[in-house]
Amino acid sequence: MAEKITCCDKRYHELDPSELPLSCPLPGMSHWDGHPRVFLAIEDTGEARCPYCGTLYILKGGPLQKAAGH
């Protein structure tokens, strides 16, 4: 059985690029109303921390590559 993700209970969460854009709390978290929903920029650095609960989000594969010339 998969572990249920909870806002503010887990210190970090790894996510796949297919789960972007990133907001905390994530949809499906058991404490979805633990704090106001906030969108977090993770694409350039590969990680972001929620200013409300301190959860660290880590992007699997690291920062996203930007298309050259655009």
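Definitions and limits used
- Residues numbered from 1 in each chain as written.
- Predicted model: local features only at pLDDT ≥ 70, side-chain atom pairs only at ≥ 80, totals over all residues.
- Heavy atoms only, no water.
- Helix = DSSP H or I, 4+ residues; strand = E, 2+ residues; numbered from the N terminus.
- Buried < 20%, exposed > 50% of the residue type's maximum accessible area, 1.4 Å probe, protein only.
- Contact = heavy atoms within 4.5 Å.
- Areas by Shrake-Rupley, 256 points an atom, 1.4 Å probe, with all protein chains shown as cover.
- Core = buried A, V, L, I, M, F, W, Y, C linked by side-chain atoms within 4.5 Å.
- Disulfide = S-S within 2.5 Å.
- Pairing = 2+ DSSP bridges.

1. Details of the overall build of the protein chain
In terms of regular secondary structure, the protein chain is built from zero helices and five strands. The secondary structure elements of the protein chain, listed N-terminal to C-terminal, are β-β-β-β-β. The buried share of the protein chain, taken over its 70 residues, is 34%. Considering only contacts in the protein chain between residues 6 or more positions apart, those separated by 24 or more positions represent 39%. Per element, the accessible surface of the protein chain, about 4900 Å² overall, is 54% carbon and sulfur.

2. Thoughts on the nonpolar core
Counting residues in hydrophobic clusters, the biggest one holds 14 residues, and the most contacted among them are L15, L22, C24, L40, I42, C50 and Y57. Among the secondary structure elements, those contributing two or more residues to this core are β2 (22–24), β3 (38–40) and β5 (56–59). If we ignore the near neighbours within four places in the chain, the residues touching L22 are L15, V38, F39, L40, I42, A48 and Y57.

3. Quick word on the state of the cysteines
Summed over all chains, the structure comprises zero disulfides. Unpaired in this structure, C50 has its nearest cysteine sulfur neighbour in C24, at a distance of 3.7 Å. C53 takes part in no disulfide bond, and the closest cysteine sulfur, belonging to C50, lies 3.8 Å away.

4. As for the pairing of strand β1 (residues 12–15)
On a regular strand, each side chain points to the face opposite its neighbour's, so the side chains alternate between the two faces of the sheet. Taking every second residue as pointing to the same face, the buried face of β1 carries H13 and L15, while none of Y12 and E14 on the other face is buried. With four bridges joining them, β1 and β5 adopt parallel strand pairing. Its bridge partner lying in β5, H13 is registered against Y57.

5. A closer look at unusual backbone geometry
In this model, L20 is joined to P21 through a cis peptide bond whose omega is 5 degrees. Here P21 lies in the loop between β1 and β2. Of note, the amide linkage connecting C24 to P25 takes the cis form, showing an omega dihedral of -5 degrees. Tracing the backbone shows P25 in the loop between β2 and β3.

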